[in-house]
Amino acid sequence: MRIVSLAGGIGGARFLRGLRTAAPDSEITVIGNTGDDISLYGLRVCPDLDTVMYTLGGGINEEQGWGRREESHVVKEELAAYGVEPQWFGLGDRDFATHIVRTQMLDAGYPLSAVTEALCARWQPGVRLIPMTDDRAETHVVVSDERGRRAIHFQEWWVRLRASVPAEQIILVGADQAAPAPGVLEAVAAADAVILPPSNPVVSIGTILQIKGIREALESKTVVGVSPIIGGAPVRGMADACLTAIGVETTAQAVLELYGTPLVNGWLVAEEDAGVALDGVEVQARPLIMHDVPAAADIARAALDLAARLAGGAGVPASPDAQREAAGTGTEREAAGTGTEDAR
Ligand SMILES: O=c1nc2n(C[C@H](O)[C@H](O)[C@H](O)CO)c3cc(O)ccc3cc-2c(=O)[nH]1
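Since the structure is predicted, the reported quantities are computational estimates derived from the model, not experimental observations. Within every chain, residues take consecutive numbers counted from 1 along the sequence as written. At least 70 in pLDDT is required for a residue's local features to be given in this predicted model, at least 80 for side-chain atom pairs to be given and counted, and no such filter applies to totals for whole chains, interfaces and linings, which use all residues. With hydrogens and water stripped out, all remaining heavy atoms of the structure feed into the side-chain values.

Draft legend 1. Up close: the sheet that holds strand β8 (residues 169-173). An order of β7-β6-β8 is seen for the 3 strands of this open sheet, with the pairing classed as antiparallel. Every interior strand has two partners, whereas the edge strands, β7 (148-153) and β8, have only one. Put simply, the sheet's adjacent strands are angled 30° from each other on average, direction ignored. A pair of strands counts as paired when DSSP detects no fewer than two bridges linking them. Numbering of helices and strands starts at the N terminus; helices are DSSP runs of H or I of at least 4 residues and strands are runs of E of at least 2. Judged from the 5 bridges that link them, strand β6 (residues 138-145) and β8 form a sheet pairing that is antiparallel. Residue pairing for β8: V142 is matched across the bridge by Q169. Only the stretch in contact is used when a helix axis is fitted, and all axes are lines through C-alpha atoms; the angle between N-to-C directions ranges over 0 to 180 degrees.

Have a look at this one:
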């Protein structure tokens, strides 16, 4: 089975770990968000691509959801000792190596998609990770604060300001010149199912959908999305601040309408959002907290089952829960209860 998934950062990567578990024999292509990318200290940093690569490759700092585990910050401290700015972005020593290799290859003329393939050769994420574009397209945010009204890089708004200053506009700078990276449209065309993980609907999924041709290519496919909003709030991150910035309510209904039809054909919502509805979309309510990999795999399996039903296909073998539900003997999932509330 060929599956395509659009992914942002932490929530998307954790969902993809479940998707890989739920469909081990499928060919999964991940179209990664590069709007968060930033140039720092002469290096090109691709936070969402690295979060997917490290999470699926086993190198992620699990608590943070970004950056490497077993990390140290000697280079960051030395840069600070020289008074080099910015000091609000925490790059670790191991992580620096990724940005050095990436920048070296970009400077040698390799496109970001080739660089990403080379980095993934080491990490073996078990999916094909393609950046949404090889062109420069960065998310910038217009804010007004004591320094007046100005555009700042998304990372400064997200990390230094913690989105505490309202974003008056969120702009993907370079969107009109950016083309889908090689392989992106081909992967979508060949897909049996497309899954939208519970990534940030504005600055991750929404960003990818702004790249010329991607939304149109997806509209002719069977697409199932997983709501990133549960009971009116994002599980993690600041999707609410991003949705407010574009005048969209922070609800599972509003995000479904933001994606809209004909893009989305199926939509998974949490049980407390069971009333969500939109003409032309099959909505299914189920637990959506990714407590751990098995929980993420259950959600991914439910998304694939729904996609298969909508496409009229066979899909992956249904999970025991799905078989019980189909047989009408649906049993309440025992409240997982154990494990820490997963972040998204
Ligand atoms: O909140 C933070 N997020 C940090 N992030 C997360 C990043 O801002 C987000 O993952 C995405 O850009 C938004 O999804 C990093 C990600 C990287 O790949 C590399 C370094 C960082 C550093 C930080 C940081 O200092 N603080």
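Draft legend 2. Inspection of helix α11 (residues 252-259) at higher detail. Note on classification: 1.4 Å probe, protein chains only; a residue is buried when its accessible area is under 20% of the maximum for its type, exposed when over 50%, partly exposed between these limits. Every buried residue of α11 is listed here: A252, A254, V255, L256 and Y259. Once α11 finishes, G260 follows within two positions and takes phi at roughly 75°, a positive value.

Draft legend 3. Representation of unusual backbone geometry within the structure. Here the bond from E85 into P86 is cis, since omega is -5°, no more than 30 degrees from zero. By the element assignment, P86 lies in the loop between α3 (74-81) and α4 (93-107). Here the residue pair T261 and P262 is connected by a cis peptide bond, since its omega of 5° sits within 30 degrees of zero. Relative to the elements of secondary structure, P262 occurs in the loop between α11 and β13 (266-269). Not every positive phi belongs to a glycine, and Y41 is a case in point at roughly 50°.

Draft legend 4. Quick look at the packing of helix α2 (residues 47-57) against helix α5 (residues 112-123). Relative to each other, α2 and α5 sit at 20°, their axes nearing to 10 Å. If you check the angle between α2 and α5, you find them roughly parallel. The two elements α2 and α5 cross, and the hand of that crossing is right-handed. Between α2 and α5, the residues in contact are L49, M53, Y54 and G57 and L112, T116, L119, C120 and W123, respectively. Partitioned by chemical class, the residues of the contact of α2 with α5 number 7 nonpolar, 2 polar and no charged. In these notes the angle categories are as follows: under 35 degrees is roughly parallel, over 145 is roughly antiparallel, 65 to 115 is roughly perpendicular, and the rest is oblique. Each helix crossing is assigned a hand: it is left-handed if the near helix lies turned anticlockwise from the far helix by less than a right angle, otherwise right-handed if that turn is clockwise. Residues are treated as being in contact if the distance between any of their heavy atoms lies within 4.5 Å. The classification used treats Ala, Val, Leu, Ile, Met, Phe, Trp, Tyr, Cys and Pro as nonpolar, Asp, Glu, Lys and Arg as charged, and all other residues, Gly among them, as polar.

Draft legend 5. Examining the packing of helix α1 (residues 10-22) against α2 more closely. Remark: α1 packs on α2, axes separated minimally by 9 Å, with the N-to-C direction vectors making an angle of 35°. Our pair here, α1 against α2, has a crossing hand that is right-handed. For the pair formed by α1 and α2, the contact residues are I10, A13, R14, L16, R17 and R20 on the first element and T51, V52, T55 and L56 on the second. In the contact of α1 with α2, the residues fall into 5 nonpolar, 2 polar and 3 charged.

Draft legend 6. Spatial organisation of the environment of K76. Within the fold, K76 resides in helix α3. For K76, a relative accessible area of 25% translates into the label partly exposed. Measuring from C-alpha to C-alpha, the distance between K76 and D93 comes to 7.6 Å, with 17 residues separating the pair along the chain. Excluding anything up to four places from it in sequence, K76 contacts Q87, F89, G90, L91, D93 and F96.

Draft legend 7. Focus on the site of the ligand. If a single non-hydrogen atom of a residue is within 4 Å of a molecule or strand, that residue counts as near it. Every one of the 13 residues lining the ligand counts as a neighbour, but D36, P47, G90, Q155 and R162 are closest to it. One of the side-chain N or O atoms of D36 is found 2.9 Å from an oxygen atom in the ligand. When isolated, the ligand has an accessible area of 530 Å², and the protein chains bury 91% of it. Counting only elements with at least two residues in the shell around the ligand, the list comes to α2 and α6 (154-160). When residues of the shell around the ligand are assigned to their parent elements, the largest contribution, 3 residues, is made by α6. Pairing of N or O atoms within 3.5 Å defines a polar contact, subject to two protein rules: one partner must be a possible hydrogen donor and the other a possible acceptor, and residues neighboring in sequence count only if both atoms are side-chain atoms. Per-residue and other accessible areas were derived by the Shrake-Rupley procedure at a 1.4 Å probe size, with only the shown protein chains allowed to occlude residues.

Any functional reading would require information that these geometric values do not contain.
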